[in-house]
Amino acid sequence: MQGRVAVVTGSGGGIGRAIALRLACEGCDIGVFDINEAAARATADLVRALGRNAAVAVGNVAQREDVSRGAEYFGQTLGPINILVNNAGILRTAPFLETTDAQWRETFGVNLDGTFYFCQAILPGMIERRRGAVVNMSSWVGKKGVPNHAAYSASKFAVIGLTQSIAGEVAGLGVRVNAVCPGIIVDTQMRVDAEMSNQRQGLPDVTERVRAIPLGRPGVPDDIARVVAFLASDEADYMTGQAINITGGLWT
Ligand SMILES: NC(=O)c1ccc[n+]([C@@H]2O[C@H](COP(=O)([O-])OP(=O)(O)OC[C@H]3O[C@@H](n4cnc5c(N)ncnc54)[C@H](O)[C@@H]3O)[C@@H](O)[C@H]2O)c1
């Protein structure tokens, strides 16, 4: 993927940073988009340390203006965008009847609207050049609902529907659109926050759930990054509209 340009949302930390660094190792220049400026700049420094170009745009994926501004800036500074990874996401767990309007809208705003806005901003250029790959971040709970995850789970199911719908529309135009569905991924801030929230709600903790993973360990961000890099590459040029589980066998 030497010299290709990849935009990775939420790449200031966790899985997004691992994806940015993996794509940089494969030869991509990286557009780092994140709401956290210090974290985004730290990722960009790591990308440059790997010998690739990086540009930073700070913004909220749930705001169309931020997304339009970011996409335009990446195009100007890095060149035509070949790869888009819609990774930014948030998790707010609560019993369904206690889920507030604010939690519901915030979750859908980041997880779904963000993906919608970035696809609308970057797909036209890909279609014009008849070349591009998009990878959207769903989840293990994007295929199977679990208690206390109503907003999150519904938003991640929606990401798969959006992926399949766009994939069908652009398949004849040189652009592929896939999704990935990670399982329990440790070493990320989201996992730390989720465990604290699960504890408060009396839900099973990570150690208990990891026992159910056939491959016997939780995932780490690079487990996801490797699959995303594959889907973004020409090695996957006969794949579109898929939602790939990366769960250690937890959901089949
Ligand atoms: N960690 C897991 O167990 C797990 C499992 C399945 C799916 N996922 C999905 O993987 C993705 C990344 O998860 P993670 O664990 O690395 O999360 P994380 O919280 O560790 O990192 C998320 C990154 O996104 C950024 N971000 C958050 N809201 C944003 C917004 N509105 N606009 C721009 N940037 C924003 C954060 O600043 C952060 O850098 C998410 O979509 C998540 O739903 C995670």
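Scroll up to find the structure this text is about.
Report on the accompanying structure.

Cut-offs applied
- Residues numbered from 1 in each chain as written.
- Predicted model: local features only at pLDDT ≥ 70, side-chain atom pairs only at ≥ 80, totals over all residues.
- Helix = DSSP H or I, 4+ residues; strand = E, 2+ residues; numbered from the N terminus.
- Near = placed C-beta within 6 Å.
- Expected span 1.5 Å × (residues − 1).
- Bend = angle between axes of the 7 residues up to and from the residue.
- Buried ≥ 20, exposed ≤ 12 C-beta atoms within 10 Å, placed from the backbone.
- Pairing = 2+ DSSP bridges.
- Axes fitted to C-alpha atoms, helices over the stretch in contact; angles between N-to-C directions.
- Parallel < 35°, antiparallel > 145°, perpendicular 65-115°, else oblique.
- Left-handed = near helix turned anticlockwise from the far one by under 90°.
- Contact = placed C-beta atoms within 7 Å.
- Nonpolar A, V, L, I, M, F, W, Y, C, P; charged D, E, K, R; others polar.
- Core = buried A, V, L, I, M, F, W, Y, C linked by C-beta atoms within 7 Å.
- Right-handed = clockwise from strand over helix to strand, strands pointing away.

### Thoughts on the environment of Ala-171
Phase 1: When you line up the elements, Ala-171 lands in the loop between helix H5 (150-170) and strand S6 (175-182).
Phase 2: Considering only alpha carbons, one finds Ala-171 and Val-228, 57 residues apart in sequence, at a separation of 19 Å.

### Observations regarding the site of the ligand
Phase 1: The local shell around the ligand holds 30 residues, among which Gly-10, Gly-14, Gly-89, Thr-188 and Met-190 are the closest.
Phase 2: When contributions to the shell around the ligand are tallied by element, the ones reaching two or more residues are helix H1 (14-25) and helix H6 (189-200).

### A short note on helix H4 (residues 101-129)
Phase 1: Taking 1.5 Å of rise per residue, 29 residues should cover 42 Å, and H4 covers 41 Å from first to last C-alpha, within 8% of that figure.
Phase 2: The largest bend in H4 amounts to roughly 40° and is located at Gly-109.
Phase 3: Where H4 ends, the next residue or the one after it, Arg-130, has phi of about 55°, a positive value.

### Side note on H1
Phase 1: Here H1 contains 12 residues, and its C-alpha end-to-end distance of 17 Å stays within 8% of the 16 Å for a straight helix at 1.5 Å per residue.
Phase 2: By the burial criterion, the buried members of H1 are Gly-14, Ile-15, Gly-16, Arg-17, Ala-18, Ile-19, Ala-20, Leu-21, Arg-22, Leu-23 and Ala-24.
Phase 3: Gly-27 occupies a position one or two residues after H1 and carries a positive phi of about 110°.

### Here's the deal with the sheet that holds strand S1 (residues 5-9)
Phase 1: One open sheet holds the seven strands; their spatial order is S3-S2-S1-S4-S5-S6-S7, and the pairing between them is parallel. Of all strands in the sheet, those with a lone pairing partner are strand S3 (54-58) and strand S7 (243-246), marking the two edges. With strand direction ignored, the average angle separating the axes of adjacent strands in the sheet is 15°.
Phase 2: Relative to strand S2 (residues 29-34), S1 runs parallel, the two being bridged by five bridges.

### Remarks on the packing of H1 against helix H8 (residues 221-232)
Phase 1: Close contact between H1 and H8 brings their axes to 8 Å; oriented N to C, the two are set at 50°. When the axes of H1 and H8 are compared, the pair comes out oblique. For the pair H1 and H8, the sense of crossing is right-handed. For the pair H1 and H8, the contacting residues are Gly-14, Ile-15, Ala-18, Ile-19, Arg-22 and Leu-23 in the first and Pro-221, Asp-222, Ile-224, Ala-225, Arg-226, Val-228, Ala-229 and Ala-232 in the second.
Phase 2: For the contact of H1 with H8, the per-class residue count stands at 10 nonpolar, one polar and three charged.

### Remarks on the nonpolar core
Phase 1: Ala-6, Leu-23, Ile-30, Ile-122 and Val-228 are the most contacted members of the largest nonpolar core, which has 72 residues in total.
Phase 2: The dominant element in this core, judged by the number of residues it contributes, is H4, at nine residues.
Phase 3: Residues in contact with Ile-122, not counting those within four places in the same chain, are Val-7, Ala-71, Ile-81 and Leu-84.

### Some remarks on unusual backbone geometry
Glycine aside, the phi torsion of most residues is negative, and most peptide linkages are trans.
Phase 1: Positive phi outside glycine occurs at Arg-130, with the angle close to 55°.
Phase 2: With respect to the helices and strands, Arg-130 occurs in the loop between H4 and strand S5 (132-137).
Phase 3: Look at Arg-130 and you get exposed, because 11 C-beta atoms sit within 10 Å.
Phase 4: Unusually for a residue other than glycine, Asn-148 sits at a positive phi of about 70°.

### Some thoughts on the pairing of S5
Phase 1: Of all six residues that make up S5, six are buried, and the element is covered over most of its length.
Phase 2: Here S5 shows no split at all, with Gly-132, Val-134 and Asn-136 on one side and Ala-133, Val-135 and Met-137 on the other all buried.
Phase 3: For the crossover from strand S4 (residues 83-86) across H4 to S5, the handedness is right-handed.
Phase 4: Strand direction decides the pairing type here: S5 and S6, joined by six bridges, are parallel.

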